[in-house]
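# Structural features, examined
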Amino acid sequence: MLPGAIAMLGAGGVLAAGALLVLTEPGGADQAAAVAPAAPSAPRQTQDLQVADPSDEQSTGVRVLSGEQLSKKKPPKIVRSEEYVEIYNNTGIVGLAADSASRAQGVGWNVVAVDNWYGTIVDTTVYYPSGMRRQANLLATDLGIDRVVPAVDPMSGDRLTVILTG
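The present account deals with the structure reproduced in this document. (Residues numbered from 1 in each chain as written. Predicted model: local features only at pLDDT ≥ 70, side-chain atom pairs only at ≥ 80, totals over all residues. Heavy atoms only, no water.)

### Side note on the pattern of salt bridges
To be explicit about the condition: By definition, a salt bridge exists where a carboxyl oxygen of Asp or Glu is found within 4 Å of a side-chain nitrogen of Lys or Arg. A run of H or I in DSSP becomes a helix once it reaches four residues, and a run of E becomes a strand once it reaches two; helices and strands are each numbered from the N terminus. Only protein chains enter the calculation, and the probe is 1.4 Å; a residue is then buried if its accessible area is under 20% of its type maximum, exposed if over 50%, and partly exposed in between.
Here the structure, examined in full by the defined rule, presents three salt bridges. In this structure, arginine 80 and aspartate 142 form a salt bridge, with 2.8 Å as the shortest nitrogen-oxygen distance. Taken together, the residues arginine 80 in the loop between helix 4 (67-71) and strand 1 (84-89) and aspartate 142 in helix 6 (residues 133-143) connect sequence positions 62 residues apart. Residue arginine 80 is classed as partly exposed on the basis of its relative accessible area, which comes to 26%.

### Regarding the nonpolar core
For the record, the criterion: Put simply, a nonpolar core is a bunch of buried Ala, Val, Leu, Ile, Met, Phe, Trp, Tyr and Cys residues held in one set by side-chain atoms that sit within 4.5 Å of each other.
Grouped together as the largest cluster of nonpolar side chains are 20 residues, with contacts concentrated most on Val85, Ile87, Val126, Leu139, Leu160 and Val162. Of all elements in the fold, only strand 1, helix 5 (96-106), strand 3 (125-128), helix 6 and strand 5 (160-164) reach the threshold of two or more residues within this core. Considering each element in turn, this core owes the most residues, four residues, to helix 6. Of all hydrophobic cores here, the second largest spans six residues; its members include Tyr88, Tyr127, Met155 and Ile163.

Here you go:
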(Lines give C-alpha, C1' and ligand atoms only; values in the text may rest on other atoms or scores of the structure.)
Protein backbone atom coordinates (compact mmCIF):
# COMPACT_ATOMS: atom_id res chain seq x y z
CA MET A 1 0.00 0.00 0.00
CA LEU A 2 1.22 3.51 -0.67
CA PRO A 3 2.18 5.70 2.30
CA GLY A 4 -0.47 8.26 1.29
CA ALA A 5 -3.19 5.62 1.32
CA ILE A 6 -2.11 4.48 4.77
CA ALA A 7 -2.28 8.04 6.06
CA MET A 8 -5.77 8.49 4.58
CA LEU A 9 -6.98 5.26 6.22
CA GLY A 10 -5.58 6.40 9.57
CA ALA A 11 -7.16 9.84 9.29
CA GLY A 12 -10.50 8.28 8.33
CA GLY A 13 -10.39 6.04 11.39
CA VAL A 14 -9.71 8.99 13.68
CA LEU A 15 -12.58 10.98 12.21
CA ALA A 16 -14.96 8.02 12.52
CA ALA A 17 -14.00 7.49 16.16
CA GLY A 18 -14.52 11.19 16.91
CA ALA A 19 -17.94 11.19 15.27
CA LEU A 20 -18.95 8.09 17.20
CA LEU A 21 -17.87 9.73 20.45
CA VAL A 22 -19.92 12.85 19.71
CA LEU A 23 -22.98 10.86 18.67
CA THR A 24 -22.94 8.60 21.74
CA GLU A 25 -22.66 11.39 24.33
CA PRO A 26 -25.85 13.00 25.70
CA GLY A 27 -26.86 15.76 23.32
CA GLY A 28 -24.27 14.52 20.84
CA ALA A 29 -26.67 14.26 17.90
CA ASP A 30 -27.39 17.98 18.23
CA GLN A 31 -23.68 18.77 18.26
CA ALA A 32 -22.80 16.39 15.40
CA ALA A 33 -23.76 18.93 12.78
CA ALA A 34 -21.19 21.35 14.21
CA VAL A 35 -18.36 18.84 13.75
CA ALA A 36 -16.75 19.08 10.34
CA PRO A 37 -13.71 17.12 9.24
CA ALA A 38 -10.52 19.10 8.83
CA ALA A 39 -9.35 19.77 5.31
CA PRO A 40 -6.74 17.26 4.25
CA SER A 41 -3.22 18.64 4.33
CA ALA A 42 -0.77 18.31 1.51
CA PRO A 43 0.79 14.86 1.33
CA ARG A 44 4.08 14.60 3.18
CA GLN A 45 6.97 12.47 2.14
CA THR A 46 7.40 9.57 4.48
CA GLN A 47 10.14 7.07 4.93
CA ASP A 48 9.29 3.39 4.73
CA LEU A 49 9.69 1.82 8.16
CA GLN A 50 10.22 -1.82 8.89
CA VAL A 51 8.79 -3.12 12.12
CA ALA A 52 10.46 -6.11 13.72
CA ASP A 53 8.31 -9.14 14.37
CA PRO A 54 8.44 -9.70 18.17
CA SER A 55 8.56 -13.45 17.59
CA ASP A 56 11.62 -13.09 15.38
CA GLU A 57 14.16 -11.96 18.01
CA GLN A 58 16.76 -14.47 16.80
CA SER A 59 17.04 -13.07 13.27
CA THR A 60 16.65 -9.38 14.06
CA GLY A 61 18.37 -9.10 17.42
CA VAL A 62 15.47 -6.89 18.53
CA ARG A 63 13.56 -7.74 21.66
CA VAL A 64 10.19 -6.06 22.02
CA LEU A 65 9.03 -5.56 25.62
CA SER A 66 5.41 -5.07 26.49
CA GLY A 67 4.30 -2.30 28.82
CA GLU A 68 3.69 -4.90 31.50
CA GLN A 69 7.27 -6.17 31.23
CA LEU A 70 8.65 -2.64 31.46
CA SER A 71 6.61 -1.79 34.55
CA LYS A 72 7.77 -4.99 36.29
CA LYS A 73 11.46 -4.03 36.09
CA LYS A 74 12.61 -3.63 39.68
CA PRO A 75 15.77 -2.10 41.05
CA PRO A 76 18.35 -4.62 42.23
CA LYS A 77 17.74 -6.11 45.66
CA ILE A 78 19.75 -4.58 48.49
CA VAL A 79 22.00 -7.12 50.18
CA ARG A 80 22.67 -5.69 53.64
CA SER A 81 25.84 -7.73 54.20
CA GLU A 82 27.42 -6.12 51.11
CA GLU A 83 26.90 -2.57 52.38
CA TYR A 84 29.46 -0.87 54.65
CA VAL A 85 28.11 1.11 57.59
CA GLU A 86 29.80 3.39 60.11
CA ILE A 87 27.95 4.32 63.30
CA TYR A 88 28.92 7.30 65.47
CA ASN A 89 27.75 8.49 68.87
CA ASN A 90 27.20 12.25 69.13
CA THR A 91 25.79 12.12 72.69
CA GLY A 92 27.07 11.67 76.20
CA ILE A 93 25.42 8.24 76.40
CA VAL A 94 28.20 5.68 76.70
CA GLY A 95 27.79 2.68 74.38
CA LEU A 96 24.98 4.14 72.23
CA ALA A 97 26.83 3.58 68.95
CA ALA A 98 27.81 0.03 69.96
CA ASP A 99 24.19 -0.80 70.80
CA SER A 100 23.00 0.53 67.44
CA ALA A 101 25.79 -1.35 65.68
CA SER A 102 24.60 -4.58 67.31
CA ARG A 103 21.06 -3.94 66.11
CA ALA A 104 22.27 -3.18 62.58
CA GLN A 105 24.45 -6.31 62.50
CA GLY A 106 21.54 -8.31 63.87
CA VAL A 107 19.55 -7.65 60.69
CA GLY A 108 22.55 -8.22 58.42
CA TRP A 109 24.33 -4.88 57.90
CA ASN A 110 28.14 -4.89 57.57
CA VAL A 111 29.15 -2.43 60.31
CA VAL A 112 32.82 -1.54 59.78
CA ALA A 113 33.29 1.29 62.31
CA VAL A 114 31.87 2.40 65.65
CA ASP A 115 33.16 5.58 67.27
CA ASN A 116 32.28 9.01 68.65
CA TRP A 117 31.40 11.97 66.41
CA TYR A 118 32.47 15.45 67.42
CA GLY A 119 30.50 18.39 66.11
CA THR A 120 26.93 19.60 66.06
CA ILE A 121 24.40 17.32 64.42
CA VAL A 122 20.75 18.41 64.39
CA ASP A 123 19.12 15.00 64.73
CA THR A 124 19.94 11.31 64.47
CA THR A 125 20.66 10.83 60.77
CA VAL A 126 21.67 8.28 58.16
CA TYR A 127 24.00 9.92 55.65
CA TYR A 128 24.48 8.35 52.23
CA PRO A 129 26.95 8.90 49.37
CA SER A 130 25.81 9.34 45.79
CA GLY A 131 23.86 6.36 44.48
CA MET A 132 23.09 4.85 47.89
CA ARG A 133 19.80 6.49 48.88
CA ARG A 134 17.80 3.23 48.73
CA GLN A 135 20.31 1.54 51.05
CA ALA A 136 20.16 4.52 53.43
CA ASN A 137 16.35 4.39 53.53
CA LEU A 138 16.46 0.67 54.35
CA LEU A 139 19.05 1.16 57.10
CA ALA A 140 17.02 4.03 58.56
CA THR A 141 13.92 1.82 58.60
CA ASP A 142 15.86 -1.02 60.27
CA LEU A 143 17.16 1.31 63.00
CA GLY A 144 14.01 3.43 63.41
CA ILE A 145 15.68 6.62 62.15
CA ASP A 146 13.54 9.30 60.46
CA ARG A 147 16.21 11.50 58.89
CA VAL A 148 18.14 10.46 55.75
CA VAL A 149 20.34 13.01 53.92
CA PRO A 150 23.27 13.06 51.47
CA ALA A 151 26.73 12.61 52.98
CA VAL A 152 29.05 15.57 53.56
CA ASP A 153 32.80 15.89 54.14
CA PRO A 154 34.57 14.18 55.87
CA MET A 155 32.19 11.21 55.44
CA SER A 156 33.28 8.32 53.25
CA GLY A 157 32.03 8.11 49.67
CA ASP A 158 31.50 4.34 49.68
CA ARG A 159 29.47 3.65 52.80
CA LEU A 160 26.55 4.75 54.92
CA THR A 161 27.21 6.87 57.99
CA VAL A 162 24.89 6.91 60.99
CA ILE A 163 25.27 9.69 63.56
CA LEU A 164 23.24 9.28 66.72
CA THR A 165 22.15 12.34 68.72
CA GLY A 166 20.34 12.77 72.03
